[in-house]
Amino acid sequence: MPESDKFITLRTQLNRLKNEFIPEISPTGLYSESQLSRTAAYRVLAHAEIESYLEERAWEVVQNAKTLWTKGKTTRSLICLLGFSGLTMDKPPDTLTPQKGSKTVKEEKIKISKKIDLAVESFKRVISQNHGVKEDHILSLLLPIGIDSDDLDPAWLATMNTFGEKRGLVAHKSATSYMTIQTPDPANELNTVTQITDELLRIDELINNLIE
């Protein structure tokens, strides 16, 4: 199956960042202060591209599932969206016409279409509040759209955790601080992003299979 348009965009942007920020790999492993600073910038910007890709693809699946629902088709993504929405699984009410003085039967408790709308709104908030690519962020984006947990490589998730932590060092600390803790290495940065995108390509195919 071909790569999605969004994955092609991701790959293009990552290549652009590599060309703009990563210096020629030194056999000695020695780099100037300017080259190391640009490598640190590459880490932050590559992280942003990967985060954006995951969010956009997840939202694409949800929109597709909602569209198919309006056409009378229920998908795995829609079921997972409801299952991971945090909404309560209410039993049917005793009556649609409660006696005077009793509580009104709320629409979200009796209309499945309303429950779906609430689940979509809830997931949209998840995306808008997402600020990372660590394991918890990935699970909150991919499980609700129908990606099976067994299809997520624990080693890759560990790499994403490390990548997110290293991005945080650069984004939230001074250059003096993160250079002291761990000096960025251009070869290692490229290798990490390559490992991440290689696995994302497989996930991209899984996501494609969820869209009809």
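Just so you know, these numbers come straight off a predicted model, no measurement behind them.

Asks: It is not clear to me how the overall build of the protein chain should be interpreted in this structure. Could you clarify?
Replies: Across its full length, the protein chain holds 9 helices and 0 strands. C-alpha extents for the protein chain along the principal axes are approximately 80 × 40 × 25 Å. Taking all 212 residues of the protein chain together, 37% fall into the buried category. Restricting the contact set of the protein chain to residue pairs at least 6 apart, pairs at least 24 apart contribute 76%.

Asks: Looking at this structure, how should I read the environment of Asp5?
Replies: Position of Asp5 relative to the elements: it lies in helix 1 (residues 5–21). Owing to a relative accessible area of 63%, Asp5 belongs among the exposed residues under this scheme. In this structure, the C-alpha to C-alpha distance between Asp5 and Arg57, residues 52 residues apart in sequence, is 9.9 Å.

Asks: Whenever I open this one, the pattern of salt bridges confuses me. Can you help?
Replies: When their charged atoms lie close together, side chains carrying opposite charge are able to pair. Across all of its chains, the model carries 9 salt bridges by this definition. For Arg57, the salt bridge goes to Asp204, with nearest N and O atoms at 2.9 Å. Taken as a pair, Arg57 in helix 2 (residues 33–70) and Asp204 in helix 9 (residues 186–210) lie far apart in primary sequence, 147 residues in all. Given the relative accessible area of 2%, Arg57 is considered buried. By relative accessible area, Asp204 is classed as buried at 1%. Taking the shortest distance from any N to any O, the salt bridge between Glu199 and Arg202 comes out at 2.4 Å. Separated by 3 residues within a single helix, Glu199 and Arg202 lie in helix 9, roughly one turn from each other. Classification of Arg202 by relative accessible area gives partly exposed; the value is 33%.

Asks: Just checking my understanding: could you explain helix 5 (residues 112–128) for this structure?
Replies: Working note: α-helix, 3.6 residues per turn, so residues spaced by three or four point in the same direction. Here helix 5 spans 24 Å end to end across 17 residues, near enough to the 24 Å set by a 1.5 Å rise per residue. Those residues of helix 5 that sit buried are Lys115, Ile116, Ala119, Val120, Ser122, Phe123 and Ile127. Down the axis, helix 5 shows its buried residues gathered within 165° of arc, on one side only. Away from its buried face by more than 90 degrees, helix 5 exposes Lys124 and Ser128.

Cut-off values and rules
- Residues numbered from 1 in each chain as written.
- Predicted model: local features only at pLDDT ≥ 70, side-chain atom pairs only at ≥ 80, totals over all residues.
- Heavy atoms only, no water.
- Helix = DSSP H or I, 4+ residues; strand = E, 2+ residues; numbered from the N terminus.
- Buried < 20%, exposed > 50% of the residue type's maximum accessible area, 1.4 Å probe, protein only.
- Contact = heavy atoms within 4.5 Å.
- Salt bridge = Lys/Arg side-chain N within 4 Å of Asp/Glu carboxyl O.
- Expected span 1.5 Å × (residues − 1).
- Arc of directions from axis to C-beta.

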